[in-house]
Amino acid sequence: MAMDDIINPIRTAMNGNAQAMSEVSRLKLQDSLRAAAESLETPHDTMLRLFNSNLEISAVRIGCDLGFFKALDASSTPLSVKELAKGRDELLIGRLLRYLASIRLITETSRDHFTANNCTKALANPAIQGAMYYTFHIGGATYQALPDFLKEWNYSGDTFGRCAFQKSVNTELPFFPWVKGHPEKLAWFQQLMSVPREGDWLDVVQFDEHAKSVGSDRALLVDVGGSIGHQSARLRARYPDAPGRIIVQDLEETIQAARPVDGVEFMVHDFFTPQPIKNAKFYYLRTVLHDWDDEKCIQILKNLIPAMAPDSQILIDEMALPTSGVHWWSACLDLHMYAMLGALERNEEQWRDLLEKAGLKFVEIRPYQPVMRHSIIVAELKK
Ligand SMILES: C[S@@+](CC[C@H](N)C(=O)[O-])C[C@H]1O[C@@H](n2cnc3c(N)ncnc32)[C@H](O)[C@@H]1O
């Protein structure tokens, strides 16, 4: 069978528009195609693929540094090496562009001419560029340190708060206090956090119904560790007239970076201290607890309990992993949490256990992204 006979039906099915497919179909198709390509590999092919993996992210950073992705995305016609080089060494710039085209992050249209494709457009997005700088500088250095860190700790999952990240930058500080002193890196992290991810948690919480029971003085939602407030801004945009306050809490350096949003309040609060906003309908923690080991998570949760009204709920927006067949991104993020923070992604059993230890009632898990298992885990006060 000719290659085009295999690939063309897939291209036609997607109609060049991956966003039009359901998330589940898209991710499953991607994984099947990758698995099919890998099953065709000779040992030499496998070696070459892995040999290439470190250079890919370096080339992406160079492409961001030199503005290739933004320039190609902004241009309706292909750009030449000369135009992209902007007076720099055209031979070298051409070699860099050739490599980026060979790994399909840009498209070569003719000799020394390139245009944007869907990957180029993604890499032109400032938030995704921030994520790329984060993974190049922080994730990459941490992954380099991980094998030796694991050896030193005899491959223990419990490292008493120590992690490979600290080894990579030679610090005793955990990531969050460390990054406070590195504003450029903090900005990359905030950009990474602002990139929309698969699924939408707003689809599994009916705020319009709950808002009816919340007067304008009561907090509808406290976004604990809410970064620069992107989720609260989305909530307010979806329910502009919902009564009740929406309050984003985070550390001072992050709240300072937040832009004002109509109908959303920002406040500095350390979640290792008692929650100052009493009786909120919802206390929302999105990808906060996966940053911490069980002991610290229990402290964070226990600091919410005295503030809660009998009808308050804690909404934990995290992955609830299956016990087998974990998607590669979920497995990657779990190890990222271990390497960066000595923490983890949890499965349903681990969530139930954690809530029990914090003295809370586990109510239910509402998955909103079935492949990566992003879910809202609901907890309440014990009666
Ligand atoms: C992984 S980010 C998640 C941010 C946001 N909830 C989201 O999903 O985009 C964790 C957040 O916890 C914040 N954080 C870390 N330590 C904190 C503390 N002691 N008190 C309050 N926020 C803290 C960080 O600044 C960061 O914004």
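**Student:** Please clarify how the overall build of the chain should be interpreted in this entry.
**Tutor:** Each helix and strand in the chain was counted, giving 17 helices and 11 strands. Against the globule reference of 21 Å for 383 residues, the chain gives a C-alpha radius of gyration of 23 Å, in line with a compact fold. Overall size of the chain, expressed as C-alpha extent along the three principal axes, is 70 × 50 × 45 Å. Summarising the internal contacts of the chain: among those between residues at least 6 apart in sequence, 66% fall at separations of at least 24. Counting every atom, the chain has about 20000 Å² of accessible surface; 55% of that belongs to carbon and sulfur. The chain carries 41 positive and 49 negative side-chain charges, and their two centres are separated by 1 Å.

**Student:** Teacher, can you tell me more about the packing of aromatic side chains here?
**Tutor:** Ring pairs (aromatic) are described by centroid distance and by the angle formed between their planes. Counting across every chain of the model gives 21 aromatic pairs. A centroid spacing of 6.3 Å and a plane angle of 40° characterise the contact between W153 and F160, whose relative ring orientation is tilted. Here the aromatic cluster, defined as three or more aromatic residues joined through ring pairs, consists of Y134, F165, F175, F176, W178, F189, F271, F272 and W292. The lysine or arginine in question, K281, covers the ring of F282, its NZ or CZ lying 5.5 Å from the ring centre.

**Student:** Can you walk me through the nonpolar core in this structure?
**Tutor:** Taken as a class, soluble globular proteins show a tendency for nonpolar side chains to be buried jointly. Residues F175, L289, L301 and I314 are the most contacted members of the largest nonpolar core, which totals 77 residues. The residues contacting I314, other than those within four sequence positions of it, are Y283, L285, L301, L304, M308, L360, I377, V378 and A379. Counting 22 residues, the second largest nonpolar core, distinct from the first, contains Y239, V248, Y284 and V378.

**Student:** Help me out: how do you make sense of helix α15 (residues 294–302) in this one?
**Tutor:** Residues three or four positions apart in an α-helix share a direction because the helix packs 3.6 residues into each turn. Buried within α15 are the following residues: C297, I298, I300 and L301. Buried residues of α15, seen end-on, are gathered within an arc of 160° and therefore sit on one face of the element. Those residues of α15 hidden inside the fold are in contact with β7 (282–286), β8 (313–321), β9 (346–347), α17 (348–357) and β10 (360–369).

**Student:** Sorry, what's going on with the domain arrangement of the chain here?
**Tutor:** Interface size is often expressed as the accessible area that is lost when the parts come together. Domain annotation of the chain identifies domain 1 (3–124), domain 2 (126–194) and domain 3 (201–381). On a C-alpha basis, the centres of domain 2 and domain 3 stand 22 Å from each other. Facing 22 residues of domain 2, the contacting portion of domain 3 comprises 15 residues. Regarding the contact of domain 2 and domain 3, the summed buried area is about 1600 Å², with carbon and sulfur atoms giving 62% of it. By the criterion of area lost to domain 3, the three top residues of domain 2 are F176, Q190 and M193, representing 34% of everything that side buries. For the pair domain 2 and domain 3, the number of links is 0 salt bridges. Linking domain 2 to domain 3 there are 7 residue pairs in polar contact (both at pLDDT 80 or more).

**Student:** What's the story with the side chain of E345 in this structure? I'm lost.
**Tutor:** Assignment of secondary structure puts E345 in the loop between α16 (328–341) and β9. Salt bridges are absent for the buried E345, whose nearest opposite-charge side chain, R346, sits at 7.0 Å. Of note is the side chain of E345, whose polar atom sits 2.6 Å from the side chain of H290. Excluding anything up to four places from it in sequence, E345 contacts H290, E318, M319, L321, S330, L333, D334, M337 and Q350.

**Student:** Explain the pattern of salt bridges to me, please; I cannot follow it from the model alone.
**Tutor:** It is possible for side chains of opposite charge to pair when their charged atoms get near one another. Here the structure, examined in full by the defined rule, presents 24 salt bridges. Between D112 and R111 there is a salt bridge whose closest N-O contact spans 3.9 Å. Between K167 and E152 there is a salt bridge, and its shortest N-O distance comes to 2.7 Å. Remark: E152 occurs in helix α8 (residues 126–152) and K167 occurs in helix α9 (residues 164–169); sequence separation between them is 15 residues. Residue classification places E152 among the exposed residues on the basis of a relative accessible area of 53%. Among the charged side chains, a salt-bridge network with shared partners connects D200, D203, R234 and R238.

**Student:** It is not clear to me how the layout of surface pockets should be interpreted in this structure. Could you clarify?
**Tutor:** One simple way to see leftover space: roll a probe sized like a water molecule over the atoms. If you add up the space inside the second largest pocket, you get close to 410 Å³. Sorting the residues of the lining of the second largest pocket by element identifies α15 and α16 as the ones contributing at least two each. Of the residues forming the lining of the second largest pocket, the biggest block, 3 residues, is contributed by α15. Taken together, the residues of the lining of the second largest pocket sort by class into 9 nonpolar, 4 polar and 6 charged. Counting contributing residues, the lining of the second largest pocket receives three or more from each of domain 2 (126–194) and domain 3 (201–381).

**Student:** How should I be thinking about the pairing of strand β4 (residues 219–224) in this particular structure?
**Tutor:** Put simply, side chains in a regular strand alternate between the two faces of the sheet. Within β4, 6 of the 6 residues are buried, leaving the element largely enclosed by the surrounding structure. Relative to strand β5 (residues 245–250), β4 runs parallel, the two sharing 5 bridges. The residue of β5 that forms the bridge with V224 is Q249. Handedness of the crossover joining β4 and β5 through helix α13 (residues 230–238): right-handed. Pairing of β4 with β7, which is carried by 3 bridges, proceeds in the parallel orientation. Paired with L221 across the two strands is F282, which belongs to β7.

Rules used throughout
- Residues numbered from 1 in each chain as written.
- Predicted model: local features only at pLDDT ≥ 70, side-chain atom pairs only at ≥ 80, totals over all residues.
- Heavy atoms only, no water.
- Helix = DSSP H or I, 4+ residues; strand = E, 2+ residues; numbered from the N terminus.
- Rg over C-alpha atoms; globule rule 2.2 N^0.38 Å.
- Contact = heavy atoms within 4.5 Å.
- Areas by Shrake-Rupley, 256 points an atom, 1.4 Å probe, with all protein chains shown as cover.
- Lys, Arg positive; Asp, Glu negative; His and termini not counted.
- Charge placed at Lys NZ, Arg CZ, Asp CG, Glu CD.
- Phe/Tyr/Trp six-rings, centres within 6.5 Å; stacked < 30°, edge-to-face > 60°.
- Lys NZ or Arg CZ within 6 Å of the ring centre and 35° of its normal.
- Core = buried A, V, L, I, M, F, W, Y, C linked by side-chain atoms within 4.5 Å.
- Buried < 20%, exposed > 50% of the residue type's maximum accessible area, 1.4 Å probe, protein only.
- Arc of directions from axis to C-beta.
- Domains from an automatic or database assignment.
- Buried area = accessible area lost by both parts, 1.4 Å probe.
- Salt bridge = Lys/Arg side-chain N within 4 Å of Asp/Glu carboxyl O.
- Polar contact = N/O pair within 3.5 Å; in protein donor to acceptor, adjacent residues only side chain to side chain.
- 1 Å grid on protein atoms, 1.4 Å probe; cavity = no way out; pocket = protein on both sides within 12 Å on 5 of 7 lines; lining within 4 Å.
- Points joined across faces, edges and corners; volume = space filled by probe spheres on them.
- Nonpolar A, V, L, I, M, F, W, Y, C, P; charged D, E, K, R; others polar.
- Pairing = 2+ DSSP bridges.
- Right-handed = clockwise from strand over helix to strand, strands pointing away.

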